[in-house]
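Coordinate analysis (summary)
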Amino acid sequence: MISLRRLIVVALLLVLEGMVFALLVTESVTGALVAVGCTCLAFWLHLVLHEGGHLVVAKLLRLEVISVRIAPFNGWRNEVSVRPAPSTSALPLRMALFYLGGPMANLCTAAVLGAATAMTSTPLTRAALIGAAFFAALLGLTNLIPLAPPHSGPLASPHSDGRNLLRWLRSPKATTAALLAAYYQEEIARTLRAIRGGATHSGRLGDPDGGDDPRLALAAFHERWSTGHGHSVAELMADAERLAAMARADSTDPRTAAAIGQVLSVQFGLWYLYAAVVPGSPVAHHEVLEIAELAEIGYRVHPRSLSARVAMGLAHLLNQRPEQARSLLLDIRPGADPPELCSVGFLLRAIAECHLGNHADADVQIRAAGGDFRQLTHLVAVIRAADPVPPLFAPAPMAGT
């Protein structure tokens, strides 16, 4: 639903417009009402033109469009979403032009409507055109204001066009890096869905800890962080800590504890892998120990499942144990195991082969993985290209394994 604050703002703007037209433009209440009425009727059309401007620019610049949403009477969630490849040439310029497309469509419409007022002598028609032009200009200009989203964090709702435009112009490298990280998180979410077998739970999405039921807590965690309902890294860490405590609790069913251990160890293990390779931030030893503990919870229950071996192999890699990681990932069955888990398993084994100096075997694993996980494949390629392979992870041994 449309928020109360937005309704109040729109109402005040329409009242202000009516007063201006009644006092300064038409000098009549009738003309003012006509202008306000035309502004309301033009509301949907201007939103369509705004998103149409984004869409046209995206097509002209060959930016992949993944969704078009125009629903002005359903919460004002109107957007054209694009999925630009991070390797696209002149990407910051293309994205800046994309975000300018919507506001410029509105401003050009306002200019055309304003010019049309000079071509009519009928007061009511002139009032209607000026009212429509006023709203078009207002929509275009307000979208250029760099407003922040209601929530911060990597999974926040979209910024205004102005803020996105400013981000691409002021810090194109950092914004491109954030784009890469977002794509990598999508690949992690795909891996977690494969681990959970595509199962979802929609009954307790608003309750991220799921109360005292570990199964509900795990389902809520999965939905929240794989569908973009989470808002900040702090919330992610808090939810993960609650789940980890449930996995360690004696009262938790072993199968549920194993599922929690696999989800958390893969979620954070893959992110630690990314942090070690891309920003060059080695994993702290206590974080490696926690990943190993969670992976071990899952491995004890399902030692032969690929999901448990992927989680445990990732923990071994983070702890500089490539030989153990390789041994866990030797038997990957593309015909029997989930395809996406197979791809991740092949890529993790490729990392192990790189650390063992078996570059030819690493190349075989990269080819076997296919190209579905582009960001993880690129990360593995960076490790493969390093000569010698740098000690990217914490060297201290895991306790109790």
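Scroll up a little and you will see the structure.
Note that residues are indexed from 1 along each chain, following the sequence as it is written. It should be noted that, the model being predicted, local features are given only for residues of pLDDT at least 70 and side-chain atom pairs only at 80 or more, the latter also being counted only at that level, while totals for whole chains, interfaces and linings use all residues. Note: side-chain values were computed over all heavy atoms of the structure, leaving out hydrogens and water.

**So, the packing of aromatic side chains**
The description of two aromatic rings rests on the distance between their centres and on the angle between their planes. Test applied: Stacked, tilted and edge-to-face are the three classes applied to pairs of Phe, Tyr and Trp rings, where Trp contributes its six-membered ring and a pair requires centres within 6.5 Å; stacked means planes under 30 degrees apart, edge-to-face means over 60, and tilted covers the rest. For helices the rule is a DSSP run of H or I covering at least 4 residues; for strands it is a run of E covering at least 2, with both sets numbered from the N terminus onward. Burial status follows relative accessibility: with a 1.4 Å probe on protein chains alone, a residue under 20% of its type maximum counts as buried, one over 50% as exposed, and anything between as partly exposed.
Across all of its chains, the model carries 5 aromatic pairs by this definition. Judged by centre distance (4.6 Å) and plane angle (35 degrees), the rings of Tyr 184 and Tyr 274 are tilted. A residue pair is termed long-range when its members are at least 10 positions apart, and Tyr 184 in helix H6 (residues 172–195) and Tyr 274 in helix H9 (residues 254–277) qualify at 90 residues. An identical accessibility class is assigned to Tyr 184 and Tyr 274; each is buried. Geometrically, the ring pair formed by Trp 271 and Tyr 274 is edge-to-face, given 5.2 Å between the ring centres and 80 degrees between the ring planes. Note that Trp 271 and Tyr 274 are positioned in helix H9 at a spacing of 3 residues, about one turn of the helix. Here Trp 271 falls in the partly exposed class, since its relative accessible area comes to 24%. Residue classification places Tyr 274 among the buried positions, given a relative accessible area of 10%.

**Examining a nonpolar patch on the surface**
The line we're drawing: Each patch is built from residues that are more than 30% exposed by relative accessible area and take part in no salt bridge. Like charges join if they lie within 9 Å; nonpolar side chains (Val, Leu, Ile, Met, Phe, Trp, Tyr) join within 5 Å. Note on areas: Shrake-Rupley, 1.4 Å probe, and residue coverage restricted to the protein chains presented here. Whenever Lys or Arg places a side-chain nitrogen within 4 Å of a carboxyl oxygen from Asp or Glu, that contact is recorded as a salt bridge.
On the surface, Trp 44, Leu 45, Leu 49, Val 68 and Ile 70 cluster together into a nonpolar patch covering about 430 Å² of accessible area. A per-element tally of the nonpolar patch places helix H2 (residues 29–60) first, with 3 residues. As for its position among the elements, Leu 49 is in helix H2. The partly exposed category is assigned to Leu 49, whose relative accessible area is 32%.

**A look at the packing of H6 against helix H13 (residues 339–355)**
Worth spelling out the cut-off: Only the stretch in contact is used when fitting a helix axis, every axis being a line fitted to C-alpha atoms; angles between N-to-C directions are given from 0 to 180 degrees. Each angle is binned into one of four classes, with values under 35 degrees roughly parallel, values over 145 roughly antiparallel, values of 65 to 115 roughly perpendicular, and all other values oblique. Note: crossing handedness is left-handed where the near helix turns anticlockwise from the far helix by less than a right angle, and right-handed where it turns clockwise. The contact rule is simple, with two residues in contact once any of their heavy atoms fall within 4.5 Å. Residues are grouped as follows: nonpolar covers Ala, Val, Leu, Ile, Met, Phe, Trp, Tyr, Cys and Pro; charged covers Asp, Glu, Lys and Arg; every other residue, Gly included, is treated as polar.
Between H6 and H13, the least distance of the axes is 8 Å, while the angle of their chain directions is 120 degrees. Here H6 lies oblique to H13, going by the angle between them. The handedness of the crossing between H6 and H13 is left-handed. Contacts between H6 and H13 involve Arg 190, Thr 191, Ala 194 and Ile 195 from the former and Glu 340, Leu 341 and Val 344 from the latter. Among the residues forming the contact of H6 with H13, the class breakdown is 4 nonpolar, 1 polar and 2 charged.

The values reported here are purely geometric and, on their own, carry no functional implication.
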